[in-house]
Amino acid sequence: MRPPVPVPTLSRRAKLVLGAVAVLLVLFTAIGTLTNVYVDYLWFDETNYTEVFWTEIQTRALLFAVAGVATGGLVALSIHLAYRFRPTFRPMSLEQQNLERYRQSLEPRRGLVLTAVAVVLGLFAGFTAQGSWQTWLTFRNSTDFGRTDPQFGVDLSFFVFDYPFYRLALGFGFAIVLLALIGAVLTHYVFGGLRLQTPGQKLTAAARVQLSVLLGLFVALKAVAYWLDRYGLVYSDRGDVFTGASYTDVNALLVPKTILMFVAIVCALAFFANIFVRNFLLPAAALVLLLVSSLVIGVAYPAIVQQFVVRPSADQKEAPYIERAIDSTLDAYNLSDIDYVNYAQDATGDSVDTAAAQAELRNDTETIPNARLLDPNVLSPTFTARQQIRNVYGFPEKLDIDRYTVDGETRDYVVAVRELNSSGLSENQSSWINRHTVYTHGNGFVAAPANEVVAGQEGGEPNFTTGDLPTRGNIEVDANGARIYYGELIQQNGQDVYSVVGAPEGSEPREFDRPEDGSDEGQVNNTYDGEGGVEIGSFFRQLTFAIYYRERNFLLSGAVNDESKVLYVRDPRDRVEKAAPFLEVDGDPYPAVIDGRVTWILDGYTTSDAYPYAELRDLGTTAADSLTGAGTTALPNDQFNYIRNSVKATVDAYDGTVTLYEWDREDPVLQTYMKAFPGTVTSYDDIPDELMSHVRYPEDLFKLQRDILTRYHVSNPVDFYNQNDRWQVPDDPTQDTDAAQPPYYILAQRPGDDEASFQLTSALNAFNRENLSSFISASSDPDTYGEIQVLRLPGNTPFRGPQQVQQSFITNNQVRPDLTLFNSQESRAVFGNLLTLPIGEDGLLYVEPLYVQGTGENSFPLLQKVLVNYGDRVGYANTLSEALDQVFGAGAGESAVDSGDAPPTDAPESPETTAPTTPTAPPDTGDGTSGNASLDQAVADIQSALEALQTAQRNGDFAGQGQALEDLQQAVTAYQQAQQAAATSPGG
């Protein structure tokens, strides 16, 4: 027998050092964790959402404890029993001699090893289980859908709330039994109960009993799994073009799953019987039976049915199951009640009936007058140049569209708030004092009518009807209501920037508020007196935040006093996501003035990935478009197949108050969470009227729905299977990218409506073609909110899609020379959003603004031209009215634009041009000139004006910029006149 291997030992000093290091690591980890939890609690306490905090903590703790104790305890019990019933005497063999040294090493530390195994497995299981806290909460508080599954006849809540929890519990059951089995086998082997190489009996009686029980439990759980697999067929992806139980699943797999369940029960009983029979032949035979059965009736038979019964006539065999999938998918994405309108059925493609079109245009009193020329995705630099005021302020990369009723007239506006731009602080403004106690907030609300620009010297600029500091204009904002302490730009390197605010009464204000009126250097300071923020007057809290932010100034700086508060988690999306962890939040919050206060409005979604028969979608991928990451936040790449716009959330920009309003009162998922978190969601009946007037249909939900409708607008199962009427979302024609065209908010009149409504719209093309197939719009008006209308275009008529319209613009004889001029060394052309506007009963009008932006560092785009397309005609002019005249005839534009009593688009005047296809660019003589002195002089004047504009923008000379823009406009006008003269002259 080999001598036992000596166990290495540590010196006492080494043990003390290692012990001290371990204690310090545990201490620092504990302090850091407790600090994070405490700071979180303070935030929830400040926002009055402690119910969410404690419910989540308690649920996580419960699952952690149950899973940890069950896993660690049961595995440890299995190992202990295997050791407890180890054989006292073991036959001598080489195998047992080799194992003896391990037994001698483990015996003195048996209790420690067993405890360590239990703790490690328990911690691992606990951490895994606590992440599924929402699964437990929804199971415990489930709400019926009121709709039953067509296959099993159970309420859909079983699949959405119960089934996921049963699967979770079953998974942990398998894991526990498997780990217990592995632990028992290893223990029996080490201590002689299992002898693989020793002659004679291989298992002791105790080992046989224990392993039989564990194997029987494992197979019994497999029987439960087969039972649940029957319900899991509603998530099958066997169908080629649809989701859910297919013909093969229902007719060739449902019954076999039930048979396999009974076979597994018999197999489990055979293992349990082995406790008394003492012969593994019976359970082994049962196990072989289960394996063969699962292969034959669970795999082979369904494959044969699929190949020889379904595939030859799949469109007919799968028809009833496709119909289920269509109905369920539409219901899951809230698309069951769509208003389909057969539009332009009498149209003849690109040809235009001028007389009829003019009549439609003149009869339109709602859409054309509100045609939006200001693109919120382009104008952020313009807002910054004209309304930034100081470098500490900024505007988001993407502005927003909202509507306001002023003097009894409702119009859509491009809106933004002048936020604190933490990333824009200069080096001398970036000290801790400045960054966190002086520059604490933004100030002001800015709005410009979406269908106006300023005429005159500063032509092409938005008409800021509300702006400046202090804020003034036709949208009234209170002084405190205009201060922006919570916004999208108050962060640095993607991290929240906290502010320390508040001061004792009578002390000198230190927070920069705004420049002093009539002064270029003076400033007005302010002291925050809102309800937001966590009080840090005590030493303990100052120490807490010093540890949390690793910042000693919380303890040393005089700016931190008894009245101080810390403002943190200041991004509106972050605040709502933290207050309502059960919601997915839309990627585009927008500001609105409500009761004189700037308020961020956000949309919250409840989602599920367990809705039966509904097609799964990747949330982040499907909602992505050309603006994602450039003004809108990308959503996480989570898969789901049910979504509702269940919550409207608001965040007060001054005090950070988060309010969650129930929006979808029929959503069972929201009702379930309202049970789990009582008091966190305010009733729909308590939504203020002014807030109701600013709600918008959310973009991310709309993008998901339009993607679903590209296939699921087809209701006939056979046609759906053949995919012969599929649509697709067009690429954004104004961007050099393959990303999808974003949807656009417009104020327009829908076919069949009596007046204009604020709606979110999108064009849809035929699949793999650029022709337009449909136009979808979702109403944002409170009375008709969420009503989706789809205008179906006739499939046998090639209506132009966005890409084709854009091509007709840039290749037009009038547009092409201007693009050459605009895209120079000193400037570039910027295409705005291409809007699709239904006109009358059979017309689609495309409107696109064209901006010019210098290439200098501080340049910004200004509206210079308007492009219009109707059928095969293109209009290109300085104003919408003039462009419409080119398409529909003289006087049509002015009549249409003025018909709604809205102010006309106001841009610098230019000579009226004729039909866009007549003028041509003059020939080049080969020496860099055109041979036309007037034309060459105009080109030289344009280049000179562009150089002057770039210089003025570089120097921040606003007066010089205005003069340069005026010169540029005059030069462009002279160029167009010379071009027309050249085109109409003899030989031209």
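We now turn to the structure provided with this report. In this text the structure is predicted, and so the values were computed from the model without any measurement.

Check the secondary structure of the protein and you find 28 helices and 34 strands. Put simply, the protein has 988 residues, and 54% of those count as buried. Total accessible area computed for the protein in this model is approximately 42,300 Å², and 53% of it derives from carbon and sulfur atoms.

All right, on to a nonpolar patch on the surface then. On the surface, Leu24, Leu27, Phe28, Ile31, Phe539, Leu543, Ile547, Leu555 and Leu556 cluster together to form a nonpolar patch covering roughly 850 Å² of accessible area. Listing elements by their share of the nonpolar patch, those giving two or more residues are helix H1 (12-47), helix H15 (539-549) and helix H16 (553-556). Considering every element that reaches the nonpolar patch, the biggest residue donor is H1, with four residues. Relative accessible area serves as the criterion here: at 43%, Leu27 is assigned to the partly exposed category.

Moving on, we get to the pairing of strand S34 (residues 873-877). Where burial is concerned, most of S34 is hidden: four out of the five residues are buried. Relative to S34, strand S33 (residues 862-870) is paired through five bridges, and the arrangement is antiparallel. In the strand pairing of S34, Asn869 is matched with Val874. Two successive antiparallel strands, S33 and S34, enclose a turn made up of two residues, where Gly871 displays a positive phi of approximately 65°.

Glancing now at the packing of helix H2 (residues 50-84) against helix H4 (residues 110-130). Remark: H2 packs on H4, axes separated minimally by 7 Å, with the N-to-C direction vectors making an angle of 150°. Where H2 crosses over H4, the two elements pack in a sense that is right-handed. Where H2 approaches H4, its residues Arg60, Leu63, Phe64, Ala67, Gly68, Thr71, Gly72, Val75, Ala76, Ile79, His80 and Tyr83 are matched on the opposing element by Arg110, Leu114, Val117, Ala118, Leu121, Gly122, Leu123, Ala125, Gly126, Phe127, Ala129 and Gln130. The residue makeup of the contact of H2 with H4, split by class, is 15 nonpolar, seven polar and two charged.

As a further point, take the packing of aromatic side chains. Tallied over the full model, the rule gives 55 aromatic pairs. The interplanar angle of 55° and the centroid separation of 5.7 Å between the aromatic rings of Tyr41 and Trp54 together place this pair among those described as tilted. One end of the pair, Tyr41, is in helix H1; the other, Trp54, is in helix H2, and 13 residues separate them in sequence. Taking the relative accessible area as the measure of exposure, Tyr41 reaches 24% and is therefore partly exposed. Between Phe174 and Phe218, the aromatic rings sit 5.1 Å apart at their centres with planes inclined by 65°, giving edge-to-face as the arrangement. Here Phe218 lies in helix H7 (residues 205-232) and Phe174 lies in helix H6 (residues 157-190), a separation of 44 residues in the sequence. Residue class for Phe174 comes out buried when judged on its relative accessible area of 19%. Under the relative-accessibility criterion, Phe218 is labelled partly exposed at 30%.

Right, let's talk about the nonpolar core for a bit. One finds Phe383, Phe445, Tyr568 and Leu845 to be the most contacted residues of the largest nonpolar core, which totals 175 residues. Per-element accounting of this core gives the leading share, eight residues, to H6. The residues contacting Tyr568, other than those within four sequence positions of it, are Val39, Leu42, Trp43, Asp496, Tyr498, Val534, Phe545, Tyr549 and Arg575. One finds Leu793, Leu867, Ala945 and Leu968 within the second-largest nonpolar core, a separate group that totals 32 residues.

The subject of this paragraph is the pattern of salt bridges. For the structure on display, the rule yields 27 salt bridges. Salt-bridge contacts for Glu461 lead to Arg386; the nearest nitrogen and oxygen are separated by 2.4 Å. Of this pair, Glu461 sits in the loop between strand S7 (445-449) and strand S8 (466-467) while Arg386 sits in helix H13 (residues 380-387), and the two are 75 residues apart along the sequence. For the residue pair Glu461 and Arg386, the accessibility class agrees, reading buried in each case. The residue Arg617 makes a salt bridge to Glu615 at a minimum N-O spacing of 2.4 Å. On the basis of relative accessibility, which here comes to 11%, the residue Arg617 falls in the buried class. Relative accessible area serves as the criterion here: at 11%, Glu615 is assigned to the buried category. Here the salt bridges share partners, and the residues they tie into one network are Lys398, Asp588, Arg696 and Glu699.

Burial within H13 is extensive, with six of its eight residues counted as buried. For H13, every residue scored as buried is listed here: Ser380, Thr382, Phe383, Ala385, Arg386 and Gln387. Positive phi shows up at Ile389, right after H13, with a value of about 70°.

With that settled, consider the packing of H2 against H6. Interhelical geometry of H2 versus H6 gives an angle of 25° and a closest axis separation of 8 Å. For the element pair H2 / H6, the angle class is roughly parallel. At the point where H2 passes H6, the crossing takes the right-handed sense. Residue-level inspection shows Ala67, Ala70, Thr71, Leu74, Val75, Ser78, Ile79, Ala82 and Tyr83 of H2 in contact with H6, the latter providing Phe172, Ile176, Leu179, Ala180, Gly183, Ala184, Thr187 and His188. The residue makeup of the contact of H2 with H6, split by class, is 12 nonpolar, five polar and no charged.

Rules used in this analysis
Residues numbered from 1 in each chain as written. Predicted model: local features only at pLDDT ≥ 70, side-chain atom pairs only at ≥ 80, totals over all residues. Heavy atoms only, no water. Helix = DSSP H or I, 4+ residues; strand = E, 2+ residues; numbered from the N terminus. Buried < 20%, exposed > 50% of the residue type's maximum accessible area, 1.4 Å probe, protein only. Areas by Shrake-Rupley, 256 points an atom, 1.4 Å probe, with all protein chains shown as cover. Patch = residues over 30% accessible without salt bridge, like charges linked within 9 Å, V, L, I, M, F, W, Y side chains within 5 Å. Salt bridge = Lys/Arg side-chain N within 4 Å of Asp/Glu carboxyl O. Pairing = 2+ DSSP bridges. Axes fitted to C-alpha atoms, helices over the stretch in contact; angles between N-to-C directions. Left-handed = near helix turned anticlockwise from the far one by under 90°. Contact = heavy atoms within 4.5 Å. Nonpolar A, V, L, I, M, F, W, Y, C, P; charged D, E, K, R; others polar. Phe/Tyr/Trp six-rings, centres within 6.5 Å; stacked < 30°, edge-to-face > 60°. Core = buried A, V, L, I, M, F, W, Y, C linked by side-chain atoms within 4.5 Å. Parallel < 35°, antiparallel > 145°, perpendicular 65-115°, else oblique.

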